[in-house]
Amino acid sequence: MLSLFYFLVIILISTALGRKIFNKARVNFDSPLEEFCFSIGIGLAILAFISLLLGIAGLLYRWFFWFLVIGLTILCSGEIFKISLNFIKDSRTFILSKKEQFTTFLLAIVAVFLFLSFLSSLAPPTGWDAVVYHLTLPKLFINHHSIYNVIDNPSSARPLNIQMLFMFSMLLHSDILAKLISYLFTLLAVICIYSFGRRFFSKNIGLYAALVFVTMPYTTVYSTYTQVDLALAFYVILSFYSFLIWIKSNGNKMFFITAILVGFCLGIKYTAILSVFLLILGIFYKTLFLDKKKLGAALSKIFLMIAIVIVIGCFWYIRNYIDTGNPVHPFMSNIFDTKYLTDYEREFLSGVNLMAILKLPVFLWITKLRELLFEETNQVLKPFRFGKIFI
(Lines give C-alpha, C1' and ligand atoms only; values in the text may rest on other atoms or scores of the structure.)
Protein backbone atom coordinates (compact mmCIF):
# COMPACT_ATOMS: atom_id res chain seq x y z
CA MET A 1 0.00 0.00 0.00
CA LEU A 2 2.90 2.35 0.67
CA SER A 3 4.01 1.93 -2.94
CA LEU A 4 0.59 3.13 -4.12
CA PHE A 5 0.76 6.10 -1.76
CA TYR A 6 4.18 7.18 -3.05
CA PHE A 7 2.99 6.51 -6.60
CA LEU A 8 0.15 9.00 -6.10
CA VAL A 9 2.55 11.49 -4.47
CA ILE A 10 4.88 11.38 -7.48
CA ILE A 11 1.95 11.87 -9.88
CA LEU A 12 0.68 14.88 -7.91
CA ILE A 13 4.10 16.50 -7.46
CA SER A 14 5.14 16.07 -11.09
CA THR A 15 1.79 17.34 -12.40
CA ALA A 16 1.91 20.30 -10.01
CA LEU A 17 5.48 21.15 -11.03
CA GLY A 18 4.61 21.14 -14.71
CA ARG A 19 1.42 23.09 -14.17
CA LYS A 20 3.25 25.69 -12.07
CA ILE A 21 5.78 26.23 -14.86
CA PHE A 22 3.11 26.50 -17.56
CA ASN A 23 1.13 28.98 -15.46
CA LYS A 24 4.25 31.12 -15.04
CA ALA A 25 4.90 30.92 -18.79
CA ARG A 26 1.21 31.58 -19.53
CA VAL A 27 0.85 28.54 -21.75
CA ASN A 28 -2.77 27.75 -22.54
CA PHE A 29 -4.17 24.34 -23.40
CA ASP A 30 -7.26 23.13 -25.20
CA SER A 31 -8.58 20.96 -22.36
CA PRO A 32 -7.77 19.88 -18.77
CA LEU A 33 -6.71 16.47 -20.12
CA GLU A 34 -4.24 18.07 -22.51
CA GLU A 35 -2.90 20.25 -19.71
CA PHE A 36 -2.45 17.14 -17.54
CA CYS A 37 -0.46 15.33 -20.26
CA PHE A 38 1.99 18.18 -20.74
CA SER A 39 2.19 19.08 -17.05
CA ILE A 40 3.06 15.59 -15.85
CA GLY A 41 5.41 15.05 -18.79
CA ILE A 42 7.43 18.15 -17.96
CA GLY A 43 7.13 17.47 -14.22
CA LEU A 44 8.54 13.94 -14.50
CA ALA A 45 11.38 15.28 -16.64
CA ILE A 46 12.17 17.81 -13.91
CA LEU A 47 12.25 15.05 -11.28
CA ALA A 48 14.61 13.06 -13.52
CA PHE A 49 16.98 16.02 -13.87
CA ILE A 50 16.84 16.73 -10.13
CA SER A 51 17.81 13.10 -9.47
CA LEU A 52 20.60 13.39 -12.03
CA LEU A 53 22.03 16.53 -10.45
CA LEU A 54 21.88 15.03 -6.97
CA GLY A 55 23.57 11.89 -8.31
CA ILE A 56 26.39 13.97 -9.78
CA ALA A 57 26.71 15.82 -6.47
CA GLY A 58 26.92 12.53 -4.51
CA LEU A 59 23.70 13.13 -2.58
CA LEU A 60 21.87 9.90 -3.27
CA TYR A 61 20.62 9.33 0.28
CA ARG A 62 17.15 8.17 1.22
CA TRP A 63 16.68 10.82 3.93
CA PHE A 64 17.69 13.56 1.47
CA PHE A 65 15.05 12.47 -1.05
CA TRP A 66 12.38 12.30 1.64
CA PHE A 67 13.12 15.91 2.54
CA LEU A 68 13.15 16.74 -1.17
CA VAL A 69 9.66 15.29 -1.64
CA ILE A 70 8.38 17.13 1.44
CA GLY A 71 9.87 20.38 0.12
CA LEU A 72 8.38 19.92 -3.35
CA THR A 73 5.00 19.09 -1.80
CA ILE A 74 5.06 22.32 0.22
CA LEU A 75 6.26 24.32 -2.80
CA CYS A 76 3.48 22.96 -5.01
CA SER A 77 0.79 22.64 -2.33
CA GLY A 78 -1.43 25.23 -3.99
CA GLU A 79 -1.27 23.50 -7.37
CA ILE A 80 -1.79 20.07 -5.78
CA PHE A 81 -4.94 21.35 -4.06
CA LYS A 82 -6.29 22.78 -7.34
CA ILE A 83 -5.46 19.57 -9.23
CA SER A 84 -7.30 17.49 -6.63
CA LEU A 85 -10.37 19.75 -6.77
CA ASN A 86 -10.40 19.76 -10.58
CA PHE A 87 -10.11 15.97 -10.65
CA ILE A 88 -13.12 15.57 -8.35
CA LYS A 89 -15.06 18.13 -10.38
CA ASP A 90 -14.22 16.57 -13.75
CA SER A 91 -14.91 13.02 -12.56
CA ARG A 92 -18.42 14.05 -11.49
CA THR A 93 -19.19 15.54 -14.89
CA PHE A 94 -17.81 12.53 -16.79
CA ILE A 95 -21.07 10.69 -17.28
CA LEU A 96 -21.84 9.02 -20.60
CA SER A 97 -25.35 9.04 -21.98
CA LYS A 98 -27.24 5.95 -23.13
CA LYS A 99 -26.50 6.93 -26.73
CA GLU A 100 -22.80 6.39 -26.01
CA GLN A 101 -23.05 2.74 -25.02
CA PHE A 102 -20.52 1.68 -27.68
CA THR A 103 -18.11 4.33 -26.41
CA THR A 104 -18.62 2.97 -22.91
CA PHE A 105 -17.82 -0.51 -24.19
CA LEU A 106 -14.55 0.67 -25.79
CA LEU A 107 -13.60 2.56 -22.64
CA ALA A 108 -14.24 -0.60 -20.64
CA ILE A 109 -11.84 -2.57 -22.87
CA VAL A 110 -9.13 0.07 -22.44
CA ALA A 111 -9.75 0.12 -18.68
CA VAL A 112 -9.51 -3.69 -18.42
CA PHE A 113 -6.16 -3.78 -20.24
CA LEU A 114 -4.77 -0.96 -18.12
CA PHE A 115 -6.04 -2.54 -14.91
CA LEU A 116 -4.48 -5.91 -15.71
CA SER A 117 -1.17 -4.20 -16.47
CA PHE A 118 -1.48 -2.30 -13.21
CA LEU A 119 -1.95 -5.54 -11.25
CA SER A 120 1.13 -7.02 -12.91
CA SER A 121 3.08 -3.90 -11.96
CA LEU A 122 2.51 -4.69 -8.29
CA ALA A 123 4.45 -7.96 -8.63
CA PRO A 124 8.24 -8.12 -8.14
CA PRO A 125 10.19 -6.94 -11.20
CA THR A 126 11.10 -9.53 -13.83
CA GLY A 127 12.56 -9.39 -17.30
CA TRP A 128 16.15 -9.46 -18.48
CA ASP A 129 16.45 -5.71 -19.10
CA ALA A 130 14.99 -4.77 -15.72
CA VAL A 131 17.14 -7.18 -13.75
CA VAL A 132 20.37 -6.50 -15.64
CA TYR A 133 20.37 -2.71 -15.88
CA HIS A 134 17.07 -0.78 -15.64
CA LEU A 135 16.92 -1.44 -11.88
CA THR A 136 20.43 -2.73 -11.24
CA LEU A 137 22.17 0.49 -12.32
CA PRO A 138 20.01 2.74 -10.10
CA LYS A 139 20.61 0.32 -7.21
CA LEU A 140 24.37 0.51 -7.76
CA PHE A 141 24.22 4.31 -7.93
CA ILE A 142 22.25 4.37 -4.67
CA ASN A 143 24.74 2.08 -2.95
CA HIS A 144 27.56 4.32 -4.18
CA HIS A 145 25.56 7.48 -3.30
CA SER A 146 26.48 8.94 -6.68
CA ILE A 147 26.36 8.26 -10.42
CA TYR A 148 29.49 6.58 -11.69
CA ASN A 149 30.68 4.44 -14.59
CA VAL A 150 29.86 0.79 -13.86
CA ILE A 151 32.64 -0.84 -15.87
CA ASP A 152 31.35 -4.40 -15.54
CA ASN A 153 27.88 -3.40 -16.80
CA PRO A 154 28.17 -2.05 -20.37
CA SER A 155 24.58 -0.86 -20.24
CA SER A 156 25.63 1.93 -17.89
CA ALA A 157 27.05 3.68 -20.97
CA ARG A 158 23.57 4.51 -22.26
CA PRO A 159 21.17 7.44 -21.94
CA LEU A 160 19.61 6.97 -18.49
CA ASN A 161 16.97 9.68 -18.03
CA ILE A 162 14.18 7.25 -17.14
CA GLN A 163 16.51 5.24 -14.93
CA MET A 164 16.88 8.46 -12.92
CA LEU A 165 13.16 8.26 -12.19
CA PHE A 166 13.58 4.61 -11.20
CA MET A 167 16.40 5.69 -8.90
CA PHE A 168 14.18 8.42 -7.43
CA SER A 169 11.48 5.80 -6.78
CA MET A 170 13.87 3.31 -5.21
CA LEU A 171 15.31 5.97 -2.92
CA LEU A 172 11.84 7.03 -1.95
CA HIS A 173 10.52 3.51 -1.35
CA SER A 174 11.26 0.38 -3.43
CA ASP A 175 11.69 -1.31 -6.80
CA ILE A 176 7.93 -1.90 -6.89
CA LEU A 177 7.46 1.86 -6.99
CA ALA A 178 9.94 2.02 -9.88
CA LYS A 179 7.88 -0.59 -11.69
CA LEU A 180 4.74 1.45 -11.08
CA ILE A 181 6.47 4.49 -12.59
CA SER A 182 7.25 2.38 -15.65
CA TYR A 183 3.57 1.43 -15.83
CA LEU A 184 2.63 5.09 -15.45
CA PHE A 185 4.15 5.83 -18.85
CA THR A 186 1.85 3.26 -20.45
CA LEU A 187 -1.12 4.99 -18.86
CA LEU A 188 0.15 8.42 -19.89
CA ALA A 189 0.77 7.29 -23.49
CA VAL A 190 -2.82 6.03 -23.73
CA ILE A 191 -4.21 9.29 -22.29
CA CYS A 192 -1.98 11.37 -24.55
CA ILE A 193 -3.05 9.47 -27.67
CA TYR A 194 -6.71 9.95 -26.75
CA SER A 195 -6.23 13.66 -26.04
CA PHE A 196 -4.30 14.11 -29.30
CA GLY A 197 -7.00 12.37 -31.34
CA ARG A 198 -9.76 14.31 -29.64
CA ARG A 199 -8.11 17.68 -30.32
CA PHE A 200 -7.12 17.17 -33.97
CA PHE A 201 -9.84 14.74 -35.12
CA SER A 202 -12.70 13.69 -32.85
CA LYS A 203 -13.36 12.07 -29.49
CA ASN A 204 -14.15 8.71 -31.11
CA ILE A 205 -10.99 8.69 -33.21
CA GLY A 206 -8.95 9.46 -30.12
CA LEU A 207 -10.60 6.56 -28.32
CA TYR A 208 -10.03 4.17 -31.24
CA ALA A 209 -6.36 5.15 -31.40
CA ALA A 210 -5.94 4.64 -27.66
CA LEU A 211 -7.67 1.26 -27.91
CA VAL A 212 -5.39 0.11 -30.73
CA PHE A 213 -2.30 1.19 -28.79
CA VAL A 214 -3.23 -0.39 -25.47
CA THR A 215 -4.23 -3.72 -27.06
CA MET A 216 -1.04 -4.15 -29.11
CA PRO A 217 0.96 -7.19 -27.91
CA TYR A 218 4.08 -5.07 -27.50
CA THR A 219 2.24 -2.64 -25.22
CA THR A 220 0.50 -5.31 -23.17
CA VAL A 221 3.75 -7.22 -22.60
CA TYR A 222 6.11 -4.32 -21.93
CA SER A 223 3.65 -2.43 -19.73
CA THR A 224 4.21 -5.13 -17.11
CA TYR A 225 8.02 -4.77 -17.17
CA THR A 226 10.33 -2.13 -15.78
CA GLN A 227 11.60 -0.65 -19.03
CA VAL A 228 12.02 2.63 -20.93
CA ASP A 229 10.40 1.85 -24.29
CA LEU A 230 6.92 3.05 -23.38
CA ALA A 231 8.37 6.08 -21.61
CA LEU A 232 10.09 6.97 -24.87
CA ALA A 233 6.82 6.36 -26.72
CA PHE A 234 5.02 8.76 -24.39
CA TYR A 235 7.57 11.55 -24.79
CA VAL A 236 7.80 11.13 -28.57
CA ILE A 237 3.99 11.30 -28.83
CA LEU A 238 3.96 14.32 -26.52
CA SER A 239 6.64 16.11 -28.56
CA PHE A 240 4.74 15.40 -31.79
CA TYR A 241 1.59 16.65 -30.06
CA SER A 242 3.23 19.94 -29.08
CA PHE A 243 4.78 20.27 -32.54
CA LEU A 244 1.37 20.08 -34.22
CA ILE A 245 -0.01 22.64 -31.77
CA TRP A 246 2.89 24.92 -32.75
CA ILE A 247 2.08 24.43 -36.45
CA LYS A 248 -1.55 25.39 -35.83
CA SER A 249 -0.62 28.45 -33.73
CA ASN A 250 1.49 31.54 -34.36
CA GLY A 251 3.27 31.61 -31.00
CA ASN A 252 6.67 30.18 -30.15
CA LYS A 253 5.91 28.71 -26.75
CA MET A 254 5.05 25.29 -28.13
CA PHE A 255 8.17 25.41 -30.29
CA PHE A 256 10.34 25.64 -27.18
CA ILE A 257 8.29 22.96 -25.41
CA THR A 258 8.75 20.65 -28.41
CA ALA A 259 12.51 21.20 -28.44
CA ILE A 260 12.74 20.52 -24.69
CA LEU A 261 10.71 17.31 -25.01
CA VAL A 262 12.80 16.06 -27.93
CA GLY A 263 15.97 16.85 -25.98
CA PHE A 264 14.65 14.80 -23.07
CA CYS A 265 13.87 11.96 -25.50
CA LEU A 266 17.54 11.90 -26.53
CA GLY A 267 18.36 11.19 -22.89
CA ILE A 268 16.06 8.16 -22.87
CA LYS A 269 17.26 6.12 -25.83
CA TYR A 270 19.55 6.53 -28.84
CA THR A 271 16.72 5.96 -31.31
CA ALA A 272 15.15 9.26 -30.27
CA ILE A 273 17.54 10.85 -32.80
CA LEU A 274 14.90 9.97 -35.40
CA SER A 275 12.53 12.46 -33.79
CA VAL A 276 15.16 15.19 -34.27
CA PHE A 277 15.28 14.56 -38.03
CA LEU A 278 11.48 14.54 -38.24
CA LEU A 279 11.37 17.80 -36.29
CA ILE A 280 13.82 19.39 -38.74
CA LEU A 281 11.63 18.35 -41.67
CA GLY A 282 8.57 19.71 -39.86
CA ILE A 283 10.25 23.08 -39.27
CA PHE A 284 11.14 23.31 -42.95
CA TYR A 285 7.54 22.50 -43.88
CA LYS A 286 5.98 25.07 -41.53
CA THR A 287 8.44 27.87 -42.25
CA LEU A 288 8.70 27.52 -46.04
CA PHE A 289 5.25 26.28 -47.04
CA LEU A 290 2.84 27.42 -44.31
CA ASP A 291 4.45 30.68 -43.18
CA LYS A 292 5.85 31.43 -46.68
CA LYS A 293 9.16 32.61 -45.23
CA LYS A 294 12.65 32.36 -46.67
CA LEU A 295 15.18 29.59 -46.18
CA GLY A 296 17.17 31.70 -43.73
CA ALA A 297 14.21 31.86 -41.33
CA ALA A 298 13.85 28.08 -41.46
CA LEU A 299 17.56 27.55 -40.81
CA SER A 300 17.56 29.94 -37.85
CA LYS A 301 14.64 28.03 -36.33
CA ILE A 302 16.41 24.73 -36.90
CA PHE A 303 19.66 25.97 -35.33
CA LEU A 304 17.73 27.25 -32.32
CA MET A 305 15.89 23.95 -31.98
CA ILE A 306 19.10 21.92 -32.27
CA ALA A 307 20.79 24.13 -29.66
CA ILE A 308 17.94 23.52 -27.16
CA VAL A 309 17.88 19.79 -27.91
CA ILE A 310 21.64 19.51 -27.38
CA VAL A 311 21.57 21.44 -24.10
CA ILE A 312 18.75 19.28 -22.71
CA GLY A 313 19.94 15.91 -24.02
CA CYS A 314 23.74 16.11 -24.17
CA PHE A 315 24.73 14.97 -20.65
CA TRP A 316 24.72 11.20 -21.19
CA TYR A 317 26.58 11.51 -24.51
CA ILE A 318 29.30 13.67 -22.97
CA ARG A 319 29.54 11.24 -20.05
CA ASN A 320 29.83 8.30 -22.45
CA TYR A 321 32.61 10.02 -24.36
CA ILE A 322 34.53 10.77 -21.17
CA ASP A 323 34.09 7.26 -19.74
CA THR A 324 34.29 5.09 -22.88
CA GLY A 325 35.65 7.32 -25.65
CA ASN A 326 32.39 6.90 -27.58
CA PRO A 327 29.36 9.21 -27.13
CA VAL A 328 27.00 6.58 -28.58
CA HIS A 329 28.53 3.50 -26.97
CA PRO A 330 28.61 0.76 -28.24
CA PHE A 331 27.63 1.97 -31.72
CA MET A 332 30.01 3.58 -34.23
CA SER A 333 32.90 1.79 -32.54
CA ASN A 334 34.67 1.73 -35.93
CA ILE A 335 34.84 5.54 -35.76
CA PHE A 336 35.51 6.09 -32.06
CA ASP A 337 38.20 4.44 -29.98
CA THR A 338 35.65 2.60 -27.82
CA LYS A 339 36.46 1.07 -24.45
CA TYR A 340 34.52 -1.55 -22.50
CA LEU A 341 33.01 -3.39 -25.48
CA THR A 342 31.86 -6.90 -24.62
CA ASP A 343 32.42 -9.85 -26.97
CA TYR A 344 28.66 -10.01 -27.48
CA GLU A 345 28.54 -6.37 -28.58
CA ARG A 346 31.53 -6.80 -30.89
CA GLU A 347 29.91 -9.84 -32.52
CA PHE A 348 26.59 -8.04 -32.92
CA LEU A 349 28.09 -4.82 -34.30
CA SER A 350 30.20 -6.73 -36.83
CA GLY A 351 26.97 -7.90 -38.49
CA VAL A 352 25.27 -4.50 -38.61
CA ASN A 353 24.76 -3.17 -42.14
CA LEU A 354 22.04 -1.46 -44.12
CA MET A 355 20.32 -4.70 -45.11
CA ALA A 356 20.34 -5.98 -41.52
CA ILE A 357 18.72 -2.75 -40.32
CA LEU A 358 16.05 -2.96 -43.04
CA LYS A 359 15.26 -6.55 -42.06
CA LEU A 360 15.24 -5.78 -38.35
CA PRO A 361 11.51 -4.88 -37.95
CA VAL A 362 10.48 -8.23 -39.47
CA PHE A 363 12.92 -10.17 -37.28
CA LEU A 364 11.73 -8.37 -34.16
CA TRP A 365 8.06 -8.99 -34.96
CA ILE A 366 8.68 -12.71 -35.52
CA THR A 367 10.89 -12.92 -32.45
CA LYS A 368 8.35 -11.31 -30.14
CA LEU A 369 5.52 -13.44 -31.56
CA ARG A 370 7.49 -16.65 -31.01
CA GLU A 371 8.50 -15.54 -27.51
CA LEU A 372 4.85 -15.03 -26.66
CA LEU A 373 3.84 -18.43 -28.06
CA PHE A 374 6.89 -20.54 -27.19
CA GLU A 375 8.85 -19.44 -24.13
CA GLU A 376 11.48 -22.10 -24.73
CA THR A 377 12.62 -20.36 -27.93
CA ASN A 378 14.06 -17.46 -25.94
CA GLN A 379 17.55 -18.93 -25.82
CA VAL A 380 17.50 -19.75 -29.54
CA LEU A 381 16.46 -16.23 -30.46
CA LYS A 382 18.59 -14.52 -27.83
CA PRO A 383 20.94 -12.83 -30.38
CA PHE A 384 18.02 -10.89 -31.81
CA ARG A 385 17.12 -9.38 -28.43
CA PHE A 386 19.93 -6.89 -28.74
CA GLY A 387 18.18 -5.53 -31.82
CA LYS A 388 15.38 -4.18 -29.62
CA ILE A 389 17.69 -1.24 -28.98
CA PHE A 390 16.52 0.11 -32.35
CA ILE A 391 12.81 0.18 -31.34
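Worth saying up front: this structure is predicted, and the values here are computed from it rather than measured.

Q: Which residues make up the packing of helix 2 (residues 32-56) against helix 3 (residues 62-75), and what are the values?
A: Axis separation between helix 2 and helix 3 bottoms out at 13 Å; the angle between their running directions is 145°. Relative to helix 3, the crossing made by helix 2 is right-handed. For the pair helix 2 and helix 3, contact is made by L47, I50, S51 and L54 and by F64, F65, L68 and L72, respectively. Considering only residue class, the contact of helix 2 with helix 3 consists of 7 nonpolar, 1 polar and no charged.

Q: Got a sec to walk through the environment of V328? Specific residues and values, please.
A: Mapping V328 onto the fold places it in the loop between helix 16 (315-324) and helix 17 (343-350). Since its relative accessible area comes to 18%, V328 is described here as buried. Spatially, the C-alpha atom of V328 lies 7.5 Å from that of Y270, the residues being 58 residues apart in sequence. Ignoring anything within four residues of it in the chain, the contact list for V328 reads Y270 and Y317.

Q: Residue-level account of the nonpolar core, with values.
A: Membership of the largest hydrophobic core comes to 109 residues, with the highest contact counts inside it found for L44, F185 and Y235. Setting aside chain neighbours within four positions, we find L44 in contact with I10, S14, L165, L184, F185, L188 and Y235.

Q: Any details on the packing of helix 3 against helix 8 (residues 161-172)? Residues and values, ideally.
A: The contact between helix 3 and helix 8 brings their axes to 8 Å, and the two run at 100°. Judged by the inter-axis angle, helix 3 sits roughly perpendicular to helix 8. Within the contact between the two elements, helix 3 uses R62, F65, W66, L68 and V69 and helix 8 uses F168, M170, L171 and L172. Taken together, the residues of the contact of helix 3 with helix 8 sort by class into 8 nonpolar, no polar and 1 charged.

Q: Account for unusual backbone geometry, with residues named and values stated.
A: With an omega dihedral of 5°, the bond running from H329 to P330 counts as a cis peptide bond. As for its position among the elements, P330 is in the loop between helix 16 and helix 17. Notably, H145 is not glycine yet its phi reads approximately 65°, a positive angle. Residue position: H145 is located in the loop between helix 7 (136-144) and helix 8. The backbone of M332 sits at a positive phi, close to 55°, despite the residue not being glycine. Its location among the elements puts M332 in the loop between helix 16 and helix 17.

Q: Report on helix 3, specifying residues and quantitative values.
A: Its 14 residues give helix 3 an end-to-end C-alpha distance of 20 Å, which sits within 8% of 20 Å, the value for a rise of 1.5 Å per residue. Listing the buried residues of helix 3 in full gives F65, L68, V69 and L72. Seen along its axis, helix 3 keeps its buried residues to an arc of 95°; they face one direction. Along helix 3, the residues that are exposed and aim more than 90 degrees away from the buried face are F67 and I74. Where helix 3 is buried, its residues touch helix 1 (2-25), helix 2 and helix 8.

Q: How would you sum up the environment of L72? Please name residues and give values.
A: As for its placement among the helices and strands, L72 is situated in helix 3. L72 gets classed as buried once you look at its relative accessible area, which sits at 9%. Through-space distance from the C-alpha of L72 to that of S14 is 9.2 Å; in sequence the pair is 58 residues apart. In this view, L72 contacts I13, L17 and L47; residues no more than four positions away in its chain are not counted.

Q: Residue-level account of the side chain of T324, with values.
A: The topology assignment puts T324 in helix 16. According to the relative accessible area criterion, T324 is buried, its value standing at 1%. Only 2.6 Å separates the side chain of T324 from the backbone oxygen of N320, close enough to count as a polar contact. For T324, the side chain forms a polar contact with the main-chain oxygen of N326, separated by 3.2 Å. Setting aside its immediate chain neighbours within four residues, T324 contacts A157, H329, D337, T338, K339 and Y340.

Q: Could you give an account of helix 8, with specific residues and numbers?
A: Compared with the 16 Å implied by 1.5 Å per residue over 12 residues, the 17 Å span of helix 8 between its first and last C-alpha is a close match. Buried residues dominate helix 8, accounting for 12 of its 12 residues. Burial in helix 8 covers these residues: N161, I162, Q163, M164, L165, F166, M167, F168, S169, M170, L171 and L172.

Q: Could you give an account of the pattern of salt bridges, with specific residues and numbers?
A: One pass over the structure, following the stated rule, counts 5 salt bridges. Note that K286 and D291 form a salt bridge whose closest N and O atoms lie 3.5 Å from each other.

Q: Kindly report on the packing of aromatic side chains, identifying the contributing residues and their values.
A: Under the counting rule described, the total for this entry stands at 29 aromatic pairs. Each ring, one from F315 and one from W316, has its centre 4.9 Å from the other, and the planes form 80°; the classification is edge-to-face. Judged by relative accessible area, F315 falls into the partly exposed class, the value being 27%. Using a relative accessible area of 2% as the deciding quantity, one classes W316 as buried. Aromatic rings pair up to connect F22, F29, F38, F196, F200, F240 and Y241 into one cluster. Lying over the aromatic face of W246, K286 brings its terminal NZ or CZ to 4.9 Å of the ring centre.

Cut-offs applied
Residues numbered from 1 in each chain as written. Predicted model: local features only at pLDDT ≥ 70, side-chain atom pairs only at ≥ 80, totals over all residues. Heavy atoms only, no water. Axes fitted to C-alpha atoms, helices over the stretch in contact; angles between N-to-C directions. Helix = DSSP H or I, 4+ residues; strand = E, 2+ residues; numbered from the N terminus. Left-handed = near helix turned anticlockwise from the far one by under 90°. Contact = heavy atoms within 4.5 Å. Nonpolar A, V, L, I, M, F, W, Y, C, P; charged D, E, K, R; others polar. Buried < 20%, exposed > 50% of the residue type's maximum accessible area, 1.4 Å probe, protein only. Core = buried A, V, L, I, M, F, W, Y, C linked by side-chain atoms within 4.5 Å. Parallel < 35°, antiparallel > 145°, perpendicular 65-115°, else oblique. Expected span 1.5 Å × (residues − 1). Arc of directions from axis to C-beta. Polar contact = N/O pair within 3.5 Å; in protein donor to acceptor, adjacent residues only side chain to side chain. Salt bridge = Lys/Arg side-chain N within 4 Å of Asp/Glu carboxyl O. Phe/Tyr/Trp six-rings, centres within 6.5 Å; stacked < 30°, edge-to-face > 60°. Lys NZ or Arg CZ within 6 Å of the ring centre and 35° of its normal.

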